[in-house]
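Spelled out from the first residue to the last, the chains are:
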Amino acid sequence: MVRSSYSAVYDDQGGQTSAWFLAEAATFFAEQGMRLQRVLHDNAKAYTDSVVFAETAARLGIRLT
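Read on for an overview of the structure.

What counts, and at which threshold
- Residues numbered from 1 in each chain as written.
- Predicted model: local features only at pLDDT ≥ 70, side-chain atom pairs only at ≥ 80, totals over all residues.
- Heavy atoms only, no water.
- Phe/Tyr/Trp six-rings, centres within 6.5 Å; stacked < 30°, edge-to-face > 60°.
- Helix = DSSP H or I, 4+ residues; strand = E, 2+ residues; numbered from the N terminus.
- Buried < 20%, exposed > 50% of the residue type's maximum accessible area, 1.4 Å probe, protein only.
- Axes fitted to C-alpha atoms, helices over the stretch in contact; angles between N-to-C directions.
- Parallel < 35°, antiparallel > 145°, perpendicular 65-115°, else oblique.
- Left-handed = near helix turned anticlockwise from the far one by under 90°.
- Contact = heavy atoms within 4.5 Å.
- Nonpolar A, V, L, I, M, F, W, Y, C, P; charged D, E, K, R; others polar.
- Expected span 1.5 Å × (residues − 1).
- Salt bridge = Lys/Arg side-chain N within 4 Å of Asp/Glu carboxyl O.
- Core = buried A, V, L, I, M, F, W, Y, C linked by side-chain atoms within 4.5 Å.

Considering the packing of aromatic side chains
Piece 1. Per the counting criterion, the structure on display carries five aromatic pairs.
Piece 2. Ring geometry for Tyr 10 and Phe 21: centres 6.3 Å apart, planes at 90°, overall edge-to-face. Placement of Tyr 10 in the segment before helix H1 (15–31) and of Phe 21 in helix H1 is noted, with a sequence separation of eleven residues between them.
Piece 3. On the basis of relative accessible area, Phe 21 is assigned to the partly exposed category, the value being 28%.
Piece 4. Where Phe 28 meets Phe 29, the ring centres are 5.2 Å apart and the plane angle is 70°; that geometry is what we call edge-to-face.

Some details on the packing of H1 against helix H3 (residues 51–59)
Working note: a packed helix pair is described by the angle between its axes plus the distance between those axes.
Piece 1. Where H1 contacts H3, the axes come no closer than 7 Å and their chain directions differ by 15°. Considering the angle they form, H1 stands roughly parallel to H3. Where H1 crosses over H3, the two elements pack in a sense that is right-handed. Contacts between H1 and H3 involve Gly 15, Gln 16, Ser 18, Ala 19, Leu 22 and Ala 23 on the former and, on the latter, Val 52, Phe 53, Thr 56 and Ala 57.
Piece 2. Of the residues in the contact of H1 with H3, the class split is six nonpolar, four polar and no charged.

Thoughts on H1
Piece 1. When the terminal C-alpha atoms of H1 are compared, their 24 Å separation across 17 residues agrees well with the 24 Å that a helix rising 1.5 Å per residue should span.
Piece 2. Where H1 is concerned, the buried positions are Gly 15, Thr 17, Ser 18, Ala 19, Leu 22, Ala 23, Ala 25, Ala 26 and Phe 29.
Piece 3. Buried residues along H1 sit against strand E1 (38–39), helix H2 (45–48) and H3.
Piece 4. Downstream of H1 by a residue or two, Gly 33 has a phi angle that is positive, lying close to 85°.

Section: the pattern of salt bridges
Piece 1. Summed over the entire model, instances satisfying the criterion amount to one salt bridge.
Piece 2. The partner of Lys 45 in a salt bridge is Asp 49, with the nearest N and O atoms 3.9 Å apart.
Piece 3. Here Lys 45 falls in the exposed class, since its relative accessible area comes to 64%.

Brief notes about the nonpolar core
Piece 1. Counting residues in hydrophobic clusters, the biggest one holds ten residues: Ala 19, Leu 22, Ala 25, Ala 26, Phe 29, Leu 36, Val 39, Phe 53, Ala 57 and Ile 62.
Piece 2. For this core, the secondary-structure elements that each account for two or more residues are H1 and H3.
Piece 3. It is H1 that provides the largest number of residues to this core, a total of five residues.
Piece 4. In contact with Ala 19, other than residues within four places in its own chain, are Val 52, Phe 53 and Thr 56.

Structure (structure tokens):
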């Protein structure tokens, strides 16, 4: 098993920014030879109410939990 992490600092915590982070993280992991399959998140509005976040996850084939 390989363990890795990705982090970034942004000015806000909105849905668009969260979607951007998810796409950047997926790219980072792909460059390491890994594919994101699931993302466990809390109930923040940036995840639960953001259409763009959900669409980004779906486009990348990531299941949100």
